[in-house]
Amino acid sequence: MKKILYTLLILSTATFSAQGKKFFKSGEVQLQNPVEKINLKFANDLPFVQVSINGKSYNFLFDTGAPTVISTAVYTELGLEEKHKSKVKDSQKNKHEQIFTILPEMTVDKAVFKDVGAIVMDFSVSELSCFRIDGILGANQMAKLFWKVNYSENSMEVSKDLTQFNLTDYDVVIPFSPRPQKTPIVETNLQGKKIELTFDTGFSGRIKITDNAYNAQKALKSIEVYGTSSVGAYGAGKPAPGYIFRTAALPLGNRSFSNEIIATGNASLIGNDFFKNFIFILDWSGNKIYMKRIKNEPAKLESFGFGYRFIDAKPTVAFVFQEENFPLKVGDAIISINNVILDNLDKEGACHYFLNKVESGQNAINVKIRRDGKEMEVKLEKKEFLGV
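Scoring rules and cut-offs
Residues numbered from 1 in each chain as written. Predicted model: local features only at pLDDT ≥ 70, side-chain atom pairs only at ≥ 80, totals over all residues. Heavy atoms only, no water. Helix = DSSP H or I, 4+ residues; strand = E, 2+ residues; numbered from the N terminus. Rg over C-alpha atoms; globule rule 2.2 N^0.38 Å. Buried < 20%, exposed > 50% of the residue type's maximum accessible area, 1.4 Å probe, protein only. Areas by Shrake-Rupley, 256 points an atom, 1.4 Å probe, with all protein chains shown as cover. Lys, Arg positive; Asp, Glu negative; His and termini not counted. Charge placed at Lys NZ, Arg CZ, Asp CG, Glu CD. Contact = heavy atoms within 4.5 Å. Pairing = 2+ DSSP bridges. Axes fitted to C-alpha atoms, helices over the stretch in contact; angles between N-to-C directions. Salt bridge = Lys/Arg side-chain N within 4 Å of Asp/Glu carboxyl O. Disulfide = S-S within 2.5 Å. 1 Å grid on protein atoms, 1.4 Å probe; cavity = no way out; pocket = protein on both sides within 12 Å on 5 of 7 lines; lining within 4 Å. Points joined across faces, edges and corners; volume = space filled by probe spheres on them. Nonpolar A, V, L, I, M, F, W, Y, C, P; charged D, E, K, R; others polar. pLDDT = per-residue confidence, 0-100.

Structural notes on the overall build of the protein
Consideration 1: Broken down by element type, the protein carries 5 helices and 34 strands.
Consideration 2: What you see for the protein is a C-alpha radius of gyration of 21 Å, in line with the 21 Å of a compact globule of 388 residues.
Consideration 3: Taking the principal axes of the C-alpha coordinates as reference, the protein spans close to 60 × 45 × 35 Å.
Consideration 4: Looking at the protein as a whole, 55% of its 388 residues are labelled buried.
Consideration 5: Counting every atom, the protein has about 16600 Å² of accessible surface; 44% of that belongs to carbon and sulfur.
Consideration 6: In the protein, which carries 49 positive and 43 negative side-chain charges, the distance between the mean positions of the two groups comes to 3 Å.

This is how it looks when you write it as C-alpha cells:
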C-alpha cells in the first residue's frame, strides 16, 4: 500500500435503474477448447486485456466492479444502436445519463462473446484518459465463464467447466452475492459491523470502507487524512476528512486476515493491492471466489504523507496525512519534485507523470509548491505509518 493516491474506481458500486438491471442478462460466449488462455497485462495496479471487434484490437480494463462498457469513440466507430438511456451513479456519487447498447460480437483471444449488453461512456475525462482504455470487460460478461487470474505472471485462463481448474491448494474460499450487473459482493465483519465489500479488480487500492462504518475506538492504530484519494467514472469526489487504520482481524469467507490496513471513503471495496498476493478463481455458478496465496507480503503503509492529481495537466496536492506541522495543504500547486518541472506540462506530459511518478522509488524528495501566489520548497522523507 505504498501508493495511496491515485486509486481508480470507474464504476465500482455504480447504481442502475430497473431497466438497466434487466439489460445485463443478455449475451452468450463460445470457446474453442475446454480451457482457453486469455491475454492479461497487469500495469499500474490494474489488469488490462486486448479484445478484438470487427478485426480491430482494443484495450479493455478487466473490471469485476463494473458492467461491460465501451467508449463513445468505439460506439460511434461501430455505428451501434442505442437501446435505451438511463442514469448511472459512479463510485464518487456523481450521476450522469448514459446510452445502453448491444455489442454484437467481441473476441478475447479464442473466447467469442455475442450480444453483450454494454454502457457507452466517455473515457476522456480526468485521469481516466491516461490509461488509454477503449472499454471495460465487465462482470455481466465475466459471469458466463470461470476465470483463473494470476497478476504476478500476467496470465488468465477461462473455462465453462470449473473442474478444469484444480482447486486443491485454493485454501481461501469466499462466498459472494452478485449485484444485478453481476459484480461480486463479499461480506466481512469489521469492528463489530457487517460490511459488504465490492470485489473489485477495477480498484487499484487495497481495502476501503465507508466513513460511517469506521469505529475509532476499535482500530489498533490510525492516522487522520484529508482530501480525495480516488477517481470515478465522472471524476474525483470532493475533499473530505477520513482515516487509514490497522485492524486486528478481517474475516473473509473461511479465513481471517490479521493486521490489515484499511482506508475510509465513500465506498466499501477490496482491490488489487490485496489480490496481487494470490491466484484467484471467479465462479459465478456457485457464487464463490477461490484464492491461493503466492506472496506473503504483510500490509504496509509507506508514504511521503501526501498524494496529488493532475487537474487540467497541473499537479495539485489532493490528499494529505493530518500530521502536526505537515507543510503541504490540499490545493497547493506543485511546481517541481526533485527538480523535475511539472508546472508547464501538456496533457501527454501530465499523463506520463501521473503513471510514472517522479517520487516512485525515492526515500526523500524536494517539493516546490505555489500557495497564495508565493513559492516555497519543502523536503519530505518517506515514512512507515501504522507499523505493527
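From this point on, the discussion continues.
Regarding the environment of glutamine 362
Consideration 1: With respect to the helices and strands, glutamine 362 occurs in the loop between helix H5 (347-355) and strand S32 (364-371).
Consideration 2: The partly exposed category is assigned to glutamine 362, whose relative accessible area is 32%.
Consideration 3: Those residues within four positions of glutamine 362 in sequence are excluded, and the remaining contacts are Phe304, Asn338 and Lys382.

Points about the side chain of asparagine 150
Consideration 1: On the secondary structure map, asparagine 150 appears in strand S12 (residues 146-150).
Consideration 2: The buried category is assigned to asparagine 150, whose relative accessible area is 6%.
Consideration 3: Setting aside residues no more than four positions away along its own chain, asparagine 150 makes contact with Leu40, Ser155, Ile279 and Ile294.

Some words on the sheet that holds strand S26 (residues 288-293)
Consideration 1: In spatial order, the strands read S3-S13-S12-S25-S26-S14; together these 6 strands make up an open sheet with antiparallel pairing. In this open sheet, the two edge strands, each paired with only one partner strand, are strand S3 (35-39) and strand S14 (172-175). Ignoring which end each strand starts from, the neighbouring axes of this sheet average 20 degrees apart.
Consideration 2: Bridge count for strand S25 (residues 278-283) against S26 is 6 bridges, and the pairing is antiparallel. Within S26, the position partnered with phenylalanine 280 by the bridge is methionine 291.

Examining the pattern of salt bridges
Consideration 1: As enumerated under the stated definition, the model contains 15 salt bridges in all.
Consideration 2: The shortest N-O distance in the salt bridge between lysine 194 and glutamate 187 comes to 3.8 Å.
Consideration 3: Taking relative accessible area as the criterion, lysine 194 reaches 57% and is therefore assigned exposed.
Consideration 4: Glutamate 187 gets classed as partly exposed once you look at its relative accessible area, which sits at 45%.
Consideration 5: When salt bridges that share partners are traced, they join Asp45, Arg206, Glu260, Asp273 and Lys276 into one network.

What about the state of the cysteines?
Consideration 1: Scanning the entire structure with this criterion turns up 1 disulfide.
Consideration 2: Between cysteine 130 and cysteine 351 runs a disulfide, and the two sulfur atoms are separated by 2.1 Å. Torsion about the S-S bond of the cysteine 130 and cysteine 351 cystine: about -80 degrees, corresponding to left-handed handedness. Pair noted here: cysteine 130 is in the loop between strand S10 (111-121) and strand S11 (135-138) and cysteine 351 is in helix H5, with a separation of 221 residues, a long-range link.
Consideration 3: Its relative accessible area of 11% is what places cysteine 351 among the buried residues.

A word on empty space enclosed by the protein
Consideration 1: In this structure the tally under the stated criterion is 1 cavity of 30 Å³ or more.
Consideration 2: There is about 30 Å³ of room inside the largest cavity.
Consideration 3: Ile174, Val186, Phe199, Leu252, Ile270, Phe274, Phe275 and Met291 together form the lining of the largest cavity.
Consideration 4: Class assignment for the residues of the lining of the largest cavity results in 8 nonpolar, no polar and no charged.

Quick notes on the confidence of the model for the protein
Consideration 1: Per-residue confidence for the protein averages 89 on the pLDDT scale, and 90% of its residues sit at or above 70.
Consideration 2: pLDDT under 50 marks residues 1-6. Its contacts with residues more than four places away, or in other chains, come to 37 contacts.

Quick look at the pairing of strand S19 (residues 221-227)
Put simply, side chains in a regular strand alternate between the two faces of the sheet.
Consideration 1: Bridge count for S19 against strand S22 (residues 240-252) is 7 bridges, and the pairing is antiparallel. Counted as the bridge partner of lysine 221 is arginine 246 from S22.
Consideration 2: Here S19 runs beside strand S29 (residues 314-321); their pairing, made up of 3 bridges, is antiparallel. The partner of tyrosine 226 across the bridge, within S29, is valine 320.

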